[in-house]
Amino acid sequence: MQQELLSKLNYNENFKEQLPPLTPEQIYEATLHAKGYWRKIFLIMLYTGMEARDVYDLKPKNMKDGVIKKLRHKNKYRTAKTEVDMPIVPALQEVFDSFPTPVSKDQPYFKGYEKDKVSKAIKKIFTSAGLDGYGAKSLRCYVGEEINSQYMLEADKAVKMALSHSKTSKQTAQYTRPRVADLRTLMNGLAGRIAEAGGN
């Protein structure tokens, strides 16, 4: 019966196999191939997890007390509003310090958003670094995967030490419940691992 059901399944020929998660070393290599205007866009996306459209909407008024706060561009299609609330870590501040601040706090840092143009530019950066198939969404995935793995790894280490469990103990998970981590610490960790990958 099971074999019969499997034989009747239709597969989408356009489905692409998911690429492996990017490593800090690969991300660092990609940053070396990001130049000029697109380097700024690439790095802001990397250190914030923001979509390109939200980067282009970014204005000085969205940055206060070391934090980026703004409504996401997708909110006009949603009833439940979501907000970008991202700490500006030193690596990100360096990017903002590298170009002029608009005279008006309501003026965007970047102009002329074109989805296809941005998509091609980010893909080109990855391709130049020998990372074919990766693109703008890959940067958002990297941020999510890094935060998740960093938090889980550090939490596991700390709990094992506190409870005097061995490094290979399978019991530690029984004593842990996730809590919201400090995003600034996690994003600093993300930036730090990329720097370490480049020997900095």
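Above: the structure in question.
Residues numbered from 1 in each chain as written. Predicted model: local features only at pLDDT ≥ 70, side-chain atom pairs only at ≥ 80, totals over all residues. Heavy atoms only, no water.

### Regarding the side chain of E51
So the rule is basically this: Each helix is a run of H or I in the DSSP string that is no shorter than four residues. Each strand is a run of E no shorter than two, and both are numbered from the N terminus. We call a residue buried when its accessible area falls under 20% of the maximum for its residue type, exposed when it is over 50%, and partly exposed in between, using a 1.4 Å probe and counting protein chains only.
Looking at where E51 falls in the secondary structure, it is placed in the loop between helix 3 (36-48) and helix 4 (52-56). Among the residues examined, E51 registers a relative accessible area of 18% and is labelled buried.

### Quick look at the environment of T82
Selection rule: Contact definition: two residues touch when any of their heavy atoms are within 4.5 Å.
By secondary structure assignment, the location of T82 is in the loop between strand 2 (67-71) and strand 3 (83-87). Beyond its immediate stretch of four places on either side in the chain, T82 contacts L71, R72 and N75.

### Brief notes about the nonpolar core
The following threshold applies: To qualify as a nonpolar core, a set must consist of buried Ala, Val, Leu, Ile, Met, Phe, Trp, Tyr and Cys residues joined through side-chain atoms within 4.5 Å.
Counting 44 residues, the largest nonpolar core has F42, L46, Y47, F96 and F126 as its most contacted members. Here this core gets 7 residues from one element, more than from any other, and that element is helix 3. Leaving out residues up to four positions away in the same chain, F42 has contacts with A30, T31, A34, I122, I125, F126 and L139.

### A word on the pattern of salt bridges
Put simply, the rule reads: Salt bridge, as used here, is a side-chain nitrogen of Lys or Arg placed within 4 Å of a carboxyl oxygen of Asp or Glu.
Within the structure shown, the criterion is met by 8 salt bridges. The partner of K61 in a salt bridge is D106, and the shortest N-O contact between them spans 3.1 Å. Of this pair, K61 sits in the loop between helix 4 and strand 1 (63-64) while D106 sits in the loop between helix 5 (90-97) and helix 6 (115-128), and the two are 45 residues apart along the sequence. Given the relative accessible area of 40%, D106 is considered partly exposed. A salt bridge links R193 to E146, with the shortest nitrogen-to-oxygen separation between them at 2.7 Å. Placement of the pair is R193 in helix 8 (residues 183-197) and E146 in helix 7 (residues 136-162), with a sequence separation of 47 residues.

Geometric descriptors of this kind do not, in isolation, establish any biological role.
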